[in-house]
Structure formats: C-alpha cells, structure tokens
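Inside the fold
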Amino acid sequence: MPDHSPYARRLREIADALDAVSQPTDDVLTPHPDTLDVIRNRHTKRGQFNHAVPEVLQLQRRIRRYNADTGVPHGDIVTLALDTWLRAKGYPPDLKPLETDVS
C-alpha cells in the first residue's frame, strides 16, 4: 500500500494557510482575529517600520488625528491597515513564533 502521509501533511499545511486568511465579511476593513490577538498581547516584540510615503497624502497627520479620536496607538493603526491589506491581497503572515538566539 502506498504511503500517502506526505500528501496528508501537505493538505494539512494548505488547510492551515487557508485558516490564516481572513474570512470575507461585509466590512473589508475588519481586522483578522489573529492580528488583534497579536496587538493585544503586551509581550509582543515590536520593530521599527520606516518608509518614505508621499507627503501629499498626509498619512502622519491622519494617523495622529485617528489616534487622538480613538486612542489606538500609532503603531497599531499602521499594523492593522497593512495587515488587512496584505491579507486581502493573499499574503497572510506565518504566525509561528520567531526563533530567538539563546546563546
């Protein structure tokens, strides 16, 4: 009898990847639950994210205003916006814990 375990393993990987993609909702800007969990975890390691953006779009001013109106931290605003957009384009994150060097 042939060994089908590699196929079963690959199907599980595909199923996991599909689970990581947001389910369609009426509001396309609804953040993924996994992303909300990551943001809410106060122990989540954060990194700097700097990119040049067109000034005419006033993104920094708009982020500051949204923060003032809602209390959502600047980094979380950017995280939610980019994660939602990238997931919608078919690029979900691999949320496995990152390997850390323990030497």
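Right above here is the structure, for reference.
Every value quoted in this text rests on a predicted model; they were computed, and no experiment measured them. (Residues numbered from 1 in each chain as written. Predicted model: local features only at pLDDT ≥ 70, side-chain atom pairs only at ≥ 80, totals over all residues. Heavy atoms only, no water.)

1. Some thoughts on the overall build of the protein chain
Along its length, the protein chain carries four helices and zero strands. Along the protein chain, helices and strands appear, N-terminal first, in the series α-α-α-α. Accessible surface, the protein chain: about 9,500 Å² in total, of which carbon and sulfur atoms supply 57%. (Helix = DSSP H or I, 4+ residues; strand = E, 2+ residues; numbered from the N terminus. Areas by Shrake-Rupley, 256 points an atom, 1.4 Å probe, with all protein chains shown as cover.)

2. Regarding the side chain of Asp76
Summarising the element assignment, Asp76 is placed in helix H4 (residues 74-88). The class for Asp76 is buried, based on a relative accessible area of 9%. In this structure the side chain of Asp76 is engaged in a polar contact, spanning 2.8 Å, whose partner is the side chain of Arg46. Setting aside its immediate chain neighbours within four residues, Asp76 contacts Ile39 and Arg46. (Buried < 20%, exposed > 50% of the residue type's maximum accessible area, 1.4 Å probe, protein only. Polar contact = N/O pair within 3.5 Å; in protein donor to acceptor, adjacent residues only side chain to side chain. Contact = heavy atoms within 4.5 Å.)

3. Quick notes on H4
Residue pairs spaced three or four apart in an α-helix point in one direction, given the helix's 3.6 residues per turn. For H4, spanning 15 residues, the distance from its first C-alpha to its last is 22 Å, which sits close to the expected 21 Å at 1.5 Å a residue. Considered for burial, the residues of H4 that qualify are Asp76, Ile77, Asp83, Thr84 and Arg87. All buried residues of H4 project into a common sector of 150 degrees when viewed along the axis, lining one side. (Expected span 1.5 Å × (residues − 1). Arc of directions from axis to C-beta.)

4. With respect to the environment of Asp94
Mapped onto the fold, Asp94 is located in the segment after H4. Overall, the relative accessible area of 55% leaves Asp94 in the exposed class. Asp94 sits 77 residues away from Ala17 along the chain, and the two C-alpha atoms are 8.3 Å apart.

5. Quick word on a positive patch on the surface
A surface patch of positive charge is lined by Arg61, Arg62, Arg64 and Arg65. By secondary structure assignment, the location of Arg64 is in helix H3 (residues 59-70). Take Arg64: its relative accessible area is 46%, and that puts it in the partly exposed class. (Patch = residues over 30% accessible without salt bridge, like charges linked within 9 Å, V, L, I, M, F, W, Y side chains within 5 Å. Salt bridge = Lys/Arg side-chain N within 4 Å of Asp/Glu carboxyl O. Lys, Arg positive; Asp, Glu negative; His and termini not counted. Charge placed at Lys NZ, Arg CZ, Asp CG, Glu CD.)

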